[in-house]
Amino acid sequence: SEVIEIPGDKFVVLRVKNHHQPELKPLSEVRDQVLLAINDENARAAVAAEADRALLELRNGEALEQFAAANDYPSQVELGVDRRNTTVPIEVLRRLFELPQPAPGKSVTDFIMSPSGDAVVIELTHVSEGEFTALTAAEQQQLEQLLTAEGGSLIDTEFQQSLQSRAKISVL
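Reading guide: rules and limits
Residues numbered from 1 in each chain as written. Predicted model: local features only at pLDDT ≥ 70, side-chain atom pairs only at ≥ 80, totals over all residues. Heavy atoms only, no water. Helix = DSSP H or I, 4+ residues; strand = E, 2+ residues; numbered from the N terminus. Rg over C-alpha atoms; globule rule 2.2 N^0.38 Å. Contact = heavy atoms within 4.5 Å. Areas by Shrake-Rupley, 256 points an atom, 1.4 Å probe, with all protein chains shown as cover. Lys, Arg positive; Asp, Glu negative; His and termini not counted. Charge placed at Lys NZ, Arg CZ, Asp CG, Glu CD. Patch = residues over 30% accessible without salt bridge, like charges linked within 9 Å, V, L, I, M, F, W, Y side chains within 5 Å. Salt bridge = Lys/Arg side-chain N within 4 Å of Asp/Glu carboxyl O. Buried < 20%, exposed > 50% of the residue type's maximum accessible area, 1.4 Å probe, protein only. Pairing = 2+ DSSP bridges. Phe/Tyr/Trp six-rings, centres within 6.5 Å; stacked < 30°, edge-to-face > 60°. Core = buried A, V, L, I, M, F, W, Y, C linked by side-chain atoms within 4.5 Å.

### Things to note about the overall build of the protein chain
Broken down by element type, the protein chain carries 4 helices and 4 strands. Radius of gyration (C-alpha) of the protein chain: 25 Å, far over the 16 Å computed for a compact globule of 172 residues. A principal-axis box enclosing the C-alpha atoms of the protein chain has dimensions of 70 × 65 × 25 Å. Long-range contacts, defined here as pairs at least 24 residues apart, represent 33% of the contacts in the protein chain between residues at least 6 apart. Accessible surface, the protein chain as shown: approximately 14,500 Å² in total, 55% of it carbon and sulfur. Across the protein chain, 15 positive and 28 negative side-chain charges occur, with their mean positions spaced 10 Å apart.

If you want it as structure tokens, here you go:
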């Protein structure tokens, strides 16, 4: 392998000592795993189809709470969600902040598949733009430090990529 740098100013080079050719396992040995994978795939497809149906209903004007109640689904309303929210799963929060801002009086809907295979339908009804001057002095300073660190990290990454692209390494 190429030289790999690890912490502590150490470097490692890997080599393959033994290589085993790939081979098919007998069906009797993997049958249960294959059936589980097929069942999981079919279940996820059914859940995604139901989430698509929910989105269609919501986009046709049905209220989220009404749809959830009619189909015996749990629903959760979160008001004033910010990026530091701890009551909303992180994957939902991440997708929520990727959605476009809804037009006045409208909403934006989408769904995500959770790692467990559940679909979570999201409806965004309003976005309040942040105001830097509304932050406390400590929050303003924290935001400035975060932006400075992000900028420094980006510059460092670009510099390292530039060095790597110009480097000439010979292994003897």
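From this point, things continue past the structure.
### Some points on a nonpolar patch on the surface
A contiguous nonpolar patch, built from F132, L135, L143, L146 and L147 and spanning about 420 Å² of accessible area, is present on the exposed surface. By the element assignment, L135 lies in the loop between β4 (119–124) and α4 (137–166).

### Details of the pairing of strand β3 (residues 108–113)
In terms of burial, β3 is a largely internal element, 5 of the 6 residues being buried. As paired strands, β3 and β4 are joined by 6 bridges and run antiparallel to one another. Bridging from a neighbouring strand, T109 pairs with E123 of β4. Here β3 hands over to β4 after 5 residues, with G117 in that stretch at a positive phi of 100 degrees.

### Examining the packing of aromatic side chains
Going through the model one piece at a time under the given rule, you end up with 1 aromatic pair. Here F67 and Y73 contribute two aromatic rings whose centre-to-centre distance is 6.2 Å and whose plane-to-plane angle is 35 degrees, an arrangement assigned as tilted. Of the residues examined, F67 reaches a relative accessible area of 5% and is grouped as buried.

### Description of the nonpolar core
The biggest cluster of nonpolar side chains holds 9 residues, and these are V88, V92, L93, L96, L99, V108, I112, I122 and L124. Breaking this core down by element, the ones donating at least two residues are α3 (90–96), β3 and β4. Here the element with the most residues in this core is α3; it accounts for 3 residues. Once you skip the residues sitting within four places of it in the chain, I122 turns out to touch V92, R95, L96, L99, V108, T109, D110, F111 and I112.

### Quick look at the environment of L55
Tracing the chain through its elements places L55 in helix α1 (residues 27–59). Among the residues examined, L55 registers a relative accessible area of 4% and is labelled buried. Ignoring anything within four residues of it in the chain, the contact list for L55 reads T109, D110, F111 and V121.

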